[in-house]
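Remarks on the overall topology
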Amino acid sequence: MERDELLATIKDRMPEKRYIHTIGVTDTAIKLAKQFGEDPKKAEVAAILHDSCKYADRDWMKQIIIEQQMDPTLLQYHHELWHGPVGAYIAKTEFKVTDEDVLNAIRFHTTGRIGQSNLEKIVYIADMIEPNRKFPGVDDLRKASEELTLHDLMIKCITHSISFLINKYQPIFPDSFECYNDLLLQKKGQVKE
């Protein structure tokens with residue numbers, strides 16, 4: 001499917017504000033993909049579909065997680081995390097996306113993970129810094145996106161996300177901590193990139 005067709009298909013699945021966010025993430029992901037030498041088309045598809053299940057029924061998402069034998073740890077955490085993995089499943093089954101990198105970018109866009117690809121980092125970052133986001137520190141992250149390497153930018157974004165959750169006394173999904181540690185260890189050269 002092309003951009004307009006994908007956008008038309010997901011538009012009815014979310015409120016107007018989230019649709020505007022999706023367009024912002026898509027445009028930001030394309031820009032970052034070009035900036036960091038990645039495939040803008042893959043970034044576009046992953047970004048358009050990243051929140052396709054954000055407003056799906058919780059019981060239905062829970063059922064998909066169980067039936068598809070996804071990480072059962074997901075069910076111990078806030079349902080906000082479910083739309084990434086379930087969204088990847090829908091991208092594959094409904095939208096016929098076969099590229100594992102695109103599916104992983106959708107799957108892990110809220111948590112990050114160990115061994116992220118550049119595309120996964122791009123979608124995670126685009127989701128955080130797209131122009132419609134308004135939270136303390138977002139302007140610093142946007143500025144950093146013009147100055148830092150993709151790796152360093154991802155460190156800055158995952159650090160912001162984890163700090164935000166800690167300050168709110170919210171539990172943090174293990175993939176996020178593992179992502180943070182993996183990125184720092186790579187930076188220090190202690191594991192291969």
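Higher on the page you've got the structure.
Described below are features of the structure shown in this document.

What counts and what doesn't
Residues numbered from 1 in each chain as written. Predicted model: local features only at pLDDT ≥ 70, side-chain atom pairs only at ≥ 80, totals over all residues. Heavy atoms only, no water. Axes fitted to C-alpha atoms, helices over the stretch in contact; angles between N-to-C directions. Helix = DSSP H or I, 4+ residues; strand = E, 2+ residues; numbered from the N terminus. Left-handed = near helix turned anticlockwise from the far one by under 90°. Contact = heavy atoms within 4.5 Å. Nonpolar A, V, L, I, M, F, W, Y, C, P; charged D, E, K, R; others polar. Salt bridge = Lys/Arg side-chain N within 4 Å of Asp/Glu carboxyl O. Buried < 20%, exposed > 50% of the residue type's maximum accessible area, 1.4 Å probe, protein only. 1 Å grid on protein atoms, 1.4 Å probe; cavity = no way out; pocket = protein on both sides within 12 Å on 5 of 7 lines; lining within 4 Å. Points joined across faces, edges and corners; volume = space filled by probe spheres on them. Polar contact = N/O pair within 3.5 Å; in protein donor to acceptor, adjacent residues only side chain to side chain.

**Digging into the packing of helix α9 (residues 150-167) against helix α10 (residues 174-187)**
- Contact geometry of α9 with α10 gives a least axis separation of 10 Å together with a crossing angle of 145°. The handedness of the crossing between α9 and α10 is left-handed. Seen from α9, the contacting residues are H151, D152, M154, I155, I158, T159 and I162; seen from α10, they are S176, F177, C179, Y180, L183, L184, Q186 and K187.
- Across the contact of α9 with α10, the residue classes tally to 9 nonpolar, 4 polar and 2 charged.

**Description of the pattern of salt bridges**
- The full count for this structure, using the stated rule, is 14 salt bridges.
- Close ionic contact of E44 with K41 constitutes a salt bridge, the shortest N to O distance being 2.8 Å. Linking E44 with K41, this pair stays in helix α3 (residues 40-49), spanning 3 residues, or about one helical turn.
- Note on K41: relative accessible area 33%, which makes it partly exposed.

**Overview of the layout of surface pockets**
- The computed volume of the largest pocket comes to approximately 870 Å³.
- Lining the largest pocket are 26 residues, and of these E80, T110, S161, F164 and L165 sit closest to its centre.
- Contributions of two or more residues to the lining of the largest pocket are made by α7 (118-129) and α9.
- Residue contributions to the lining of the largest pocket peak at 4 residues, all from α9.
- Class assignment for the residues of the lining of the largest pocket results in 11 nonpolar, 9 polar and 6 charged.

**Some words on the side chain of T26**
- Counting through the fold element by element, T26 comes out in helix α2 (residues 16-35).
- Engagement of the side chain of T26 in a polar contact is seen with the backbone oxygen of T22, the distance being 2.7 Å.
- If sequence neighbours within four positions are ignored, T26 has contacts with R3, E44, A47 and I48.

**Concerning unusual backbone geometry**
- Not every positive phi belongs to a glycine, and K96 is a case in point at roughly 60°.
- Classification of K96 as exposed rests on a relative accessible area of 60%.
- Although it is not a glycine, Y169 adopts a positive phi angle of roughly 55°.
- Its place among the elements puts Y169 in the loop between α9 and α10.
- The class of Y169 is exposed, set by a relative accessible area of 76%.

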